[in-house]
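Next come the chains, spelled out residue by residue.
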Amino acid sequence: MTGFQGDLFARQVAAPRATVPVALWDRLARSAFRQRFHLNAQDMAYLLEKGLPLVLEHGQDFIVRRLAPASPLKDGRQTPWKGHPIFVAQHATGTCCRSCLAKWHALPSGRRLSADEQTYILSVLAQWLEKEMARAAR
C-alpha cells in the first residue's frame with residue numbers, strides 16, 4: 001500500500017501569515033552576519049522547481065522536529081548551513097536555534113514552542129524566501 005504524507009498528517013495550506021514586525025527586518029538588515037546569507041543557484045533552483053508551498057511544508061517539519069521542543073537535540077547546532085533553502089533562511093532570519101529565537105524574536109528557551117509561535121517562525125521564513133525569489137528575478 002502506498003501512502004502520501006497528507007494521508008497520515010494534516011497538511012497545512014501554503015504560506016502561513018502571522019504578523020512579522022517591520023522592526024525585525026530592520027534589525028536583521030543591520031546585522032552583517034545575517035545579511036551575508038542568500039540562496040545559491042542550487043537552492044534557488046530547488047525552490048523554484050519544488051515551489052514555495054512544498055518548501056514551506058519541509059520548513060514546518062524542521063520547525064516541529066528541530067526547534068519546537070523545550071530542549072531540542074543538539075540545540076545551537078541543529079540547523080545545517082546549507083543543503084536546503086529553509087536552512088539558509090533560518091540562518092538569515094535568526095530562526096536557526098533556540099538562542100537565536102530568544103535573541104531575535106523574543107521566544108524564550110526551555111519551553112515548547114506554541115502552534116502560534118511555530119506559525120510565526122514559518123511566516124518569517126516564507127517572507128524571507130519570497131524576498132529572495134524577488135531578488136533573483138531582478
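Counting from 1, residues in each chain are numbered in the order their sequence is written. Predicted model: local features are reported for residues with pLDDT of at least 70 only, side-chain atom pairs are reported and counted for 80 or more only, and whole-chain, interface and lining totals are derived from all residues. In computing side-chain values, all of the structure's heavy atoms are included and hydrogens and water are not.

What exactly am I supposed to notice about the side chain of Gln127 here?
Mapped onto the elements, Gln127 comes out in helix α8 (residues 115-137). On the basis of relative accessible area, Gln127 is assigned to the buried category, the value being 18%. When near neighbours in sequence (up to four residues on either side) are disregarded, Gln127 contacts Arg17, Ala18, Val20 and Trp25. Working definition: helices are DSSP H or I runs of at least four residues, strands are E runs of at least two. Numbering for both runs from the N terminus. Buried, partly exposed and exposed residues are distinguished by accessible area as a fraction of the type maximum, computed with a 1.4 Å probe on protein chains only: under 20%, between the cut-offs, and over 50%, respectively. Residue contacts are counted whenever heavy atoms from the two residues lie within 4.5 Å of one another.

Is there a simple way to explain the packing of aromatic side chains in this structure?
Think of it this way: a Phe, Tyr or Trp ring, Trp meaning its six-membered ring, pairs with another when their centres are within 6.5 Å, and the plane angle makes it stacked under 30 degrees, edge-to-face over 60, tilted otherwise. One pass over the full model with this rule turns up 4 aromatic pairs. Relative to Phe37, the ring of Phe33 has its centre 5.3 Å away and its plane inclined at 85°; by these criteria the two rings are edge-to-face. Following the ring pairs from residue to residue traces out a cluster consisting of Phe33, Phe37 and Trp81. Note on geometry: a ring has a charge over it if NZ (lysine) or CZ (arginine) is within 6 Å of the ring centre and within 35 degrees of the ring normal. Here Lys131 stacks its cationic end above the ring of Trp25, 3.6 Å away from the centre of that ring.

How should the packing of helix α4 (residues 41-50) against α8 be read in this particular structure?
Packed helix pairs are characterised by how far apart their axes lie and by the angle those axes make with each other. Only the stretch in contact is used when a helix axis is fitted, and all axes are lines through C-alpha atoms; the angle between N-to-C directions ranges over 0 to 180 degrees. Relative orientation of the contacting elements α4 and α8 amounts to 105°, with a least axis distance of 11 Å. If you check the angle between α4 and α8, you find them roughly perpendicular. From α4, Met44, Leu47 and Leu48 reach across to α8, where they touch Leu129, Glu132, Met133 and Ala136. In this classification, Asp, Glu, Lys and Arg are treated as charged, Ala, Val, Leu, Ile, Met, Phe, Trp, Tyr, Cys and Pro as nonpolar, and every other residue, Gly included, as polar. Tallied by class, residues from the contact of α4 with α8 come to 6 nonpolar, no polar and 1 charged. Here is the rule for angles: anything less than 35 degrees is roughly parallel, anything more than 145 is roughly antiparallel, 65 through 115 is roughly perpendicular, and the remaining ranges are oblique.

How do you make sense of the layout of surface pockets when you look at a structure like this?
Empty pockets left among the atoms are what a rolling probe the size of a water molecule brings to light. Taken as a whole, the second largest pocket encloses approximately 200 Å³ of empty space. If you trace the second largest pocket, you find it lined by Trp25, Leu28, Ala29, Arg34, Gln35, Phe37, His38, Ala92, Trp128, Lys131, Glu132 and Arg135. Broken down by secondary-structure element, the contributors of at least two residues to the lining of the second largest pocket are α2 (22-29), α3 (32-35) and α8. With 4 residues, α8 is the largest single contributor of residues to the lining of the second largest pocket. Across the lining of the second largest pocket, the residue classes break down as 6 nonpolar, 2 polar and 4 charged. A cavity, in this analysis, means grid points on a 1 Å lattice covering only the protein atoms where a 1.4 Å probe fits yet has no way out; a pocket is instead an open set bounded by protein on both sides within 12 Å along at least five of seven lines, and a residue lines either one if it has an atom within 4 Å of a point. Grid points are joined across faces, edges and corners, and a volume is the space filled by probe spheres set on the points.

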